[in-house]
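# Tertiary structure, described
The lines below spell out each chain.
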Amino acid sequence: MSSFDLRIGQGIDFHQLAAGYDLIIGGIKIEHDKGSVGHSDADVLLHVICDALLGAINQGDIGKHFPDTDAQYKGIDSKVLLKKTYEIVQEAGYKLINLDSTVCLQQPKLRPHIDTMKNTIAEVIGVSSDVISIKATTTEKMGYVGREEGIEAHAVVLLGKS
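Each chain has its residues counted from 1, following the order in which its sequence is written. Residue-level local features of this predicted model are given only where pLDDT is at least 70; pairs of side-chain atoms are given and counted only at 80 or more, and the full residue set underlies all totals for whole chains, interfaces and linings. Note that the side-chain values use all heavy atoms of the structure and ignore hydrogens as well as water.

### Observations concerning the packing of helix α1 (residues 44-56) against helix α3 (residues 78-91)
Applied cut-off: For helices, the fitted axis covers only the stretch in contact; all axes are lines through C-alpha atoms, and the angles between them, taken along N-to-C directions, range from 0 to 180 degrees. By definition, any uninterrupted DSSP run of H or I lasting at least four residues is a helix, any uninterrupted run of E lasting at least two residues is a strand, and each is numbered from the N terminus. By definition in this entry, angles of less than 35 degrees are roughly parallel, angles greater than 145 are roughly antiparallel, angles of 65 to 115 are roughly perpendicular, and the rest are oblique. In this analysis, two residues are considered to be in contact whenever any of their non-hydrogen atoms come within 4.5 Å of each other. Gly falls in the polar group here, along with every residue not listed as nonpolar (Ala, Val, Leu, Ile, Met, Phe, Trp, Tyr, Cys, Pro) or charged (Asp, Glu, Lys, Arg).
Remark: α1 packs on α3, axes separated minimally by 9 Å, with the N-to-C direction vectors making an angle of 10 degrees. Accordingly, the angle class assigned to the pair α1 and α3 is roughly parallel. Side by side, α1 and α3 meet where Leu-46, His-47, Ile-49, Cys-50, Leu-53 and Leu-54 of the first sit next to Ser-78, Lys-79, Leu-81, Leu-82, Thr-85, Tyr-86, Ile-88 and Val-89 of the second. Residues that form the contact of α1 with α3 fall into these classes: 10 nonpolar, 3 polar and 1 charged.

This is the structure we're talking about:
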């Protein structure tokens, strides 16, 4: 594989946290007294993965492909968006080599859910879970994440020609 067959993409996403919403991260619902606010199910991790994948193939971001002004995406399961995004990647002739991601959230602790998230993402896009890395961190009670007002995620992907 030559260096021209590789593509790197990076993504970052943020969502407000509020009572009365579900907390969906990595395609799974996590019990908590606050959830993510957004047009879709507000899954910050899947959104950032979509952005990283689209960026790697120079196809914009999630808002370009699935705009929050379009009623068909209201409340949509972000696993559907991830699947469609990965189809765009495959149509461009690429496949995922690896994904590294970090979720920034003060509470709840994500460690018990990470393997389920990895397996869910792997199943949605049809890859092995061993190419998916998900890490979680707090902000040591600093800033909007530390005050539990919001959630943030970052992702980097490496794609190769399929």
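The structure having been displayed, the exposition proceeds.
### Topic: a nonpolar patch on the surface
What counts, and what does not: Only residues whose relative accessible area exceeds 30% and that take part in no salt bridge are eligible for patches, with like-charged residues grouped when within 9 Å of each other and nonpolar side chains (Val, Leu, Ile, Met, Phe, Trp, Tyr) grouped when within 5 Å. Accessible surface area values rest on a Shrake-Rupley calculation with a 1.4 Å probe, where residue burial reflects the displayed protein chains alone. Salt bridge, as used here, is a side-chain nitrogen of Lys or Arg placed within 4 Å of a carboxyl oxygen of Asp or Glu.
Together, Ile-12, Phe-14 and Tyr-144 line one region of the surface with nonpolar side chains, adding up to about 250 Å² of accessible area. Looking at where Phe-14 falls in the secondary structure, it is placed in strand β1 (residues 6-18).

### Re α1
Every α-helix carries 3.6 residues per turn, so stepping three or four residues along brings you back to the same face. Stated formally: Here the expected span of a helix is defined as 1.5 Å times the quantity of residues minus one. Between buried and exposed lies partly exposed: a residue is buried under 20% and exposed over 50% of the maximum accessible area for its type, with that area taken using a 1.4 Å probe on protein chains only. In the analysis that follows, any N or O atom pair within 3.5 Å is treated as a polar contact, provided that within protein one partner can donate a hydrogen and the other can accept it, and provided that, for residues neighboring in sequence, both atoms belong to side chains.
In this model α1 runs 18 Å from its N-terminal to its C-terminal C-alpha over 13 residues, within 8% of the 18 Å that 1.5 Å per residue would give. Burial within α1 is extensive, with 12 of its 13 residues counted as buried. By the burial criterion, the buried members of α1 are Val-44, Leu-45, Leu-46, His-47, Val-48, Ile-49, Cys-50, Asp-51, Ala-52, Leu-53, Leu-54 and Ala-56. Looking at where α1 begins, the residue whose side-chain oxygen comes 3.2 Å from the main-chain nitrogen of Leu-45 is Asp-43.

### Side note on helix α4 (residues 114-125)
The terminal C-alpha atoms of α4, which comprises 12 residues, lie 17 Å apart, in line with the 16 Å expected from a rise of 1.5 Å per residue. Of the residues making up α4, those classed as buried are Ile-114, Met-117, Thr-120, Ile-121, Ala-122, Val-124 and Ile-125. Residues of α4 that are buried sit in contact with β2 (23-25), β3 (28-30), α1, α3, β5 (94-104) and β6 (132-137). Gly-126 sits one or two positions beyond α4 and adopts a positive phi of about 75 degrees.

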